Amino acid sequence: MPSPASPRRLPGSLARVVFVVRALCVLGVVTLLAVPFWFWLSPANVLALGPQMAGVSGAIAVDERTRALGAAVSLLPIAVGLYALWQLWRLFAEYGAGRVFGRAALARLQRFAWALLAAALLAPLVRAVMSVVLTMGNPAGQRQLVIGFSWNDYLAVLLAAVLIAIATVMAEAVRVAEENESFV
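No experiment lies behind these values; they were computed from the predicted model shown. (Residues numbered from 1 in each chain as written. Predicted model: local features only at pLDDT ≥ 70, side-chain atom pairs only at ≥ 80, totals over all residues. Heavy atoms only, no water.)

Side note on the overall build of the chain
No. 1: When helices and strands are tallied, the chain shows five helices and zero strands.
No. 2: Overall, the chain shows an N-to-C arrangement of helices and strands of α-α-α-α-α.
No. 3: Referenced to the eigenvectors of the C-alpha coordinate spread, the extents of the chain come out at roughly 75 × 25 × 20 Å.
No. 4: Long-range pairs, those at least 24 residues apart, make up 75% of the contacts in the chain with a sequence separation of at least 6.
No. 5: Positive and negative charge centroids in the chain, built from 14 and 8 side chains respectively, lie 6 Å apart. (Helix = DSSP H or I, 4+ residues; strand = E, 2+ residues; numbered from the N terminus. Contact = heavy atoms within 4.5 Å. Lys, Arg positive; Asp, Glu negative; His and termini not counted. Charge placed at Lys NZ, Arg CZ, Asp CG, Glu CD.)

Observations concerning helix H3 (residues 64–96)
No. 1: Given a rise of 1.5 Å per residue, 33 residues ought to cover 48 Å, and the 46 Å separating the end C-alpha atoms of H3 matches this to within 8%.
No. 2: Along H3, the sharpest change in direction is near 30 degrees and occurs at leucine 75; proline proline 77 comes one to four residues later.
No. 3: Within two residues after H3, glycine 98 carries a phi angle of roughly 85 degrees, on the positive side. (Expected span 1.5 Å × (residues − 1). Bend = angle between axes of the 7 residues up to and from the residue.)

As for the packing of helix H1 (residues 12–41) against H3
No. 1: Packing of H1 against H3 brings their axes to within 9 Å, and their N-to-C directions diverge by 170 degrees. Looking at the two axes, H1 sits roughly antiparallel to H3.
No. 2: Broken down by class, the residue content of the contact of H1 with H3 amounts to 20 nonpolar, six polar and two charged. (Axes fitted to C-alpha atoms, helices over the stretch in contact; angles between N-to-C directions. Parallel < 35°, antiparallel > 145°, perpendicular 65-115°, else oblique. Nonpolar A, V, L, I, M, F, W, Y, C, P; charged D, E, K, R; others polar.)

Focus: the packing of aromatic side chains
No. 1: Here the structure, examined in full by the defined rule, presents three aromatic pairs.
No. 2: Look at phenylalanine 92 and tyrosine 95: their rings are 5.0 Å apart centre to centre, the planes differ by 70 degrees, and that puts the pair in the edge-to-face class. Taken together, the positions of phenylalanine 92 and tyrosine 95, both in helix H3 and three residues apart, correspond to about one turn of that helix.
No. 3: On the basis of relative accessible area, phenylalanine 92 is assigned to the buried category, the value being 11%. (Phe/Tyr/Trp six-rings, centres within 6.5 Å; stacked < 30°, edge-to-face > 60°. Buried < 20%, exposed > 50% of the residue type's maximum accessible area, 1.4 Å probe, protein only.)

Observations concerning the pattern of salt bridges
Pairs can form between side chains of opposite charge whenever their charged atoms are close.
No. 1: Evaluation of the coordinates by the stated rule reveals six salt bridges.
No. 2: For glutamate 94, the salt bridge is made with arginine 99, and the minimal N-O distance between the two is 2.8 Å.
No. 3: The exposure class of arginine 99 is partly exposed, given its relative accessible area of 31%.
No. 4: Measuring nitrogen to oxygen at the nearest pair gives 2.5 Å for the salt bridge that ties glutamate 172 to arginine 175. With glutamate 172 and arginine 175 both in helix H5 (residues 151–183) and three residues apart, this pair spans about one turn of that helix.
No. 5: The exposure class assigned to glutamate 172 is partly exposed, which follows from its relative accessible area of 38%. (Salt bridge = Lys/Arg side-chain N within 4 Å of Asp/Glu carboxyl O.)

With respect to the environment of alanine 123
No. 1: Within the secondary structure layout, alanine 123 lies in helix H4 (residues 103–135).
No. 2: It is 9.7 Å that separates the C-alpha atoms of alanine 123 and glycine 148, two residues lying 25 residues apart in sequence.

Quick word on the packing of H3 against H4
Angle between the axes and distance between the axes are the two parameters that describe a pair of packed helices.
No. 1: Where H3 contacts H4, the axes come no closer than 9 Å and their chain directions differ by 165 degrees. Relative to H4, H3 is oriented roughly antiparallel. When the axes of H3 and H4 are compared, the crossing they make is left-handed.
No. 2: Residues that form the contact of H3 with H4 fall into these classes: 24 nonpolar, four polar and four charged. (Left-handed = near helix turned anticlockwise from the far one by under 90°.)

Some thoughts on H1
No. 1: Spanning 30 residues, H1 covers 44 Å between terminal C-alpha atoms, matching the ideal 44 Å at 1.5 Å per step.
No. 2: Listed in full, the buried residues belonging to H1 are Val18, Val21, Cys25, Gly28, Pro36, Phe39 and Trp40.
No. 3: Buried residues belonging to H1 abut helix H2 (43–54), H3 and H4.

Written as structure tokens, this is what we have:
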């Protein structure tokens, strides 16, 4: 009897899911690297989309300093997103090799879940910092600090917590199965 971590032949449906998820990871990496550059390199883009992104009402003043600071603030969520996509890429590589319940797959699932939690918790903080960055060039009395936590932020935190719990339970199940296998 194969152990829970040993490779198995994948059903066709899982093989398709592996392909689709890995393709989406590539698309995600390209998007995470290209869109921020496109956004921050153009003052027109920042003027048009910045207030909505940060929840700012009223005018914003966009200069070189604003765009440079905004781009710098964007680096942390981009890095977390790239890390999450890398973990997902590696997780589905394990799935593609048939090691669905292997220790490496479970570790990747846990890391992906923790990265999702970090991204979910970072989102409101980044928006708040962006509201300051985008309005710091405004005259006194027109600068803003916008703090908000949306339903989507809440759902992202819940999803990450559920994935962390599932990965933890799966890791424990594999540990118990391996322990029981050693007794036989």
